[in-house]
Amino acid sequence: GTPDNPGAYFAFSISDVDCFLLDARMYRDPETDPARRTMLGDVQLQWLKKGLRASRATFKVLACPSSLVADYAKPGTWADYPTERQEFIQWLFDNKISGVLFLSGARQFGELTLKPPAAADPAACPLVELTSAPLAAKLAAEETFALKNPDRFGEGVLEENFGTLDFGGPRGKRFVTLRLRNDQGKAK
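This structure is a prediction, so every number in the text was calculated from the model and none was measured.

*Asks:* When you look at the overall build of the protein chain in this model, what are you seeing that I'm missing?
*Replies:* Counting its regular elements, the protein chain contains three helices and eight strands. When contacts within the protein chain are restricted to residue pairs at least 6 apart in sequence, long-range pairs at least 24 apart make up 61% of them. Per element, the accessible surface of the protein chain, about 10,100 Å² overall, is 57% carbon and sulfur.

*Asks:* Even after reading the chapter, I still don't get the side chain of R181, so can you show me in this structure?
*Replies:* By secondary structure assignment, the location of R181 is in strand β8 (residues 175-182). No salt bridge is formed by the buried R181. Its closest oppositely charged neighbour is D166, at 4.1 Å. A distance of 3.0 Å separates a polar side-chain atom of R181 from the backbone oxygen of G185. Excluding residues that lie within four positions of it along the chain, R181 makes contacts with E160, N161, F162, T164, D166, K186, A187 and K188.

*Asks:* Explain the pairing of strand β1 (residues 10-14) to me, please; I cannot follow it from the model alone.
*Replies:* Within a regular beta strand, the side chains point alternately toward one face of the sheet and then the other, so they alternate between its two faces. Taken together, the five bridges between β1 and strand β2 (residues 17-21) define a ladder with antiparallel strand orientation. Opposite I14, over in β2, you have V17 as the bridge partner. Hairpin remark: β1 followed by β2, antiparallel, with two residues in the connecting loop; positive phi at S15, about 55°.

*Asks:* Quick question: what am I supposed to make of the side chain of K115 here?
*Replies:* Tracing the sequence through the fold places K115 in strand β5 (residues 111-115). Reaching out from K115, the side chain makes a polar contact with the side chain of D151 at a distance of 3.2 Å. Excluding anything up to four places from it in sequence, K115 contacts V69, D71, P126, L127 and D151.

*Asks:* Teacher, can you tell me more about the pattern of salt bridges here?
*Replies:* If charged atoms from side chains of opposite charge come close, those side chains can pair. The full count for this structure, using the stated rule, is six salt bridges. Its salt-bridge partner being D16, residue R174 comes within 2.8 Å of it at the nearest N-O pair. Taken as a pair, R174 in the loop between β7 (161-168) and β8 and D16 in the loop between β1 and β2 lie far apart in primary sequence, 158 residues in all. Classification of R174 by relative accessible area gives partly exposed; the value is 22%. Exposure remark for D16: the relative accessible area of 4% places this residue in the buried category. Residues R152 and E111 are paired through a salt bridge, measuring 2.6 Å at the closest nitrogen-oxygen approach. Here R152 is found in the loop between α3 (142-145) and β7, whereas its partner E111 is found in strand β5, with 41 residues between them in sequence. Here R152 and E111 have matching classes, each one buried. One salt-bridge network, in which partners are shared between bridges, spans D16, R171 and R174.

Conventions and cut-offs
- Residues numbered from 1 in each chain as written.
- Predicted model: local features only at pLDDT ≥ 70, side-chain atom pairs only at ≥ 80, totals over all residues.
- Heavy atoms only, no water.
- Helix = DSSP H or I, 4+ residues; strand = E, 2+ residues; numbered from the N terminus.
- Contact = heavy atoms within 4.5 Å.
- Areas by Shrake-Rupley, 256 points an atom, 1.4 Å probe, with all protein chains shown as cover.
- Buried < 20%, exposed > 50% of the residue type's maximum accessible area, 1.4 Å probe, protein only.
- Lys, Arg positive; Asp, Glu negative; His and termini not counted.
- Salt bridge = Lys/Arg side-chain N within 4 Å of Asp/Glu carboxyl O.
- Polar contact = N/O pair within 3.5 Å; in protein donor to acceptor, adjacent residues only side chain to side chain.
- Pairing = 2+ DSSP bridges.

Take a look at the structure:
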């Protein structure tokens, strides 16, 4: 957090990757509050935007325990806060913030979400989110896992898993490979 807005959010950099770890709990409005629906809160959201605007990194990784991109109608995801989420995503495109990757957890399975851009905006890029399950968590029941994420890319992983991001390539031609791995480290 910040001195005037405590919380468990912070940023750090490794080479040309800026990482923003978000607090999706402290400022979250109750799902029952119809008047004001925010998961991140105004101050944290402005902090994030300021950091993204200032970033010159090739990749900007936004990590959050709650799913940010996937459209699950389940409490605790950013899909439950559609106005805040849509305004932020539009802000990313309007400000031409490139190289954004989303990481999330707090699900009982792993998956890769690839949300295509709106057809009306040919300059927009797809949103990518890697979701991994906590290694020590109980796994989702088959029927929960069967609730298909409409933007799931490939098959999800219904076993203990963790995600890795492997960055490579020379400056100007950098790439990232996202993988889900089982508890033995084998890529799925």
